[in-house]
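So you can see what is in the structure, the chains are spelled out below.
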Amino acid sequence: MEQRISLITLGVHDLARERAFYEALGWADAQQPDDEVCFFQAGGMAFGLWTRLGGHGAPGIEIAHNVRTPDEVAALLADAEAVGGSIVRPAEVAEWGGTSGAFADPEGYVWEVAHNPGWTIAADGSIAI
């Protein structure tokens, strides 16, 4: 696993209210593919707001590590499990067209591992949405 974070997502109840709050603070150019999630570019990573986060294993925050190929998702989940993590969601094709799964560290913090074909990962690990 490369030492980097691709995305931090907050679970929210009211996406419109939260998006408006961050935009009022000066965040701009949100990408909102549907009524459940939006993403802001945040330097070399992304910041997300998602109404369905709690249904995917995280109580309100999820860290993500994006990988360059779909096959890397299952491989990284296996690596995490081998060193004491637990699989929260196995690797599978996601409804949004990528591949996603998640593991929890020994304290229960959830990391999504994802390949998003619409996002670019640079050589230094930074992402562009």
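Up top is the structure.
What you see is a predicted model, and the numbers here were worked out from it, not measured in a lab. (Residues numbered from 1 in each chain as written. Predicted model: local features only at pLDDT ≥ 70, side-chain atom pairs only at ≥ 80, totals over all residues. Heavy atoms only, no water.)

A. Just helix α2 (residues 71-82), in detail. Along its 12 residues, α2 runs 17 Å from first to last C-alpha, staying within 8% of the 16 Å computed at 1.5 Å per residue. Where α2 is concerned, the buried positions are V73, L76, L77 and A80. Take α2 and look down its axis: the buried residues cluster within an arc of 105°, on one side only. Relative to its buried face, α2 has exposed residues pointing more than 90 degrees away, namely D71 and A82. G84 occupies a position one or two residues after α2 and carries a positive phi of about 115°. (Helix = DSSP H or I, 4+ residues; strand = E, 2+ residues; numbered from the N terminus. Expected span 1.5 Å × (residues − 1). Buried < 20%, exposed > 50% of the residue type's maximum accessible area, 1.4 Å probe, protein only. Arc of directions from axis to C-beta.)

B. Here's a closer look at the packing of aromatic side chains. Summed over the entire model, instances satisfying the criterion amount to eight aromatic pairs. The interplanar angle of 75° and the centroid separation of 5.7 Å between the aromatic rings of W27 and F40 together place this pair among those described as edge-to-face. Of this pair, W27 sits in the loop between α1 (15-24) and β2 (37-42) while F40 sits in strand β2, placing them 13 residues apart in sequence. Look at W27 and you get partly exposed, because its relative accessible area is 32%. (Phe/Tyr/Trp six-rings, centres within 6.5 Å; stacked < 30°, edge-to-face > 60°.)

C. Geometry of the sheet that holds strand β4 (residues 61-66). Ordered by their spatial adjacency, seven strands build an open sheet running β2-β3-β1-β4-β7-β6-β5, and the pairing between neighbours is mixed. Each having just a single partner strand, β2 and β5 (86-93) make up the two edges of the open sheet. The mean angle between the axes of side-by-side strands here comes to 20°, regardless of whether they run parallel or antiparallel. Sheet topology places strand β1 (residues 7-11) next to strand β3 (residues 45-50); five bridges connect them, and they run parallel. Each residue of the ladder has a partner; that of I8, found in β3, is F47. (Pairing = 2+ DSSP bridges. Axes fitted to C-alpha atoms, helices over the stretch in contact; angles between N-to-C directions.)

D. Structural context of the side chain of N116. Within the fold, N116 resides in the loop between β7 (110-115) and β8 (120-121). When its relative accessible area of 18% is taken as the criterion, N116 is described as buried. Separated by 2.9 Å, the side chain of N116 and the backbone nitrogen of G118 make a polar contact. Apart from the residues lying within four places of it in its own chain, the contact partners of N116 are N66 and W96. (Polar contact = N/O pair within 3.5 Å; in protein donor to acceptor, adjacent residues only side chain to side chain. Contact = heavy atoms within 4.5 Å.)

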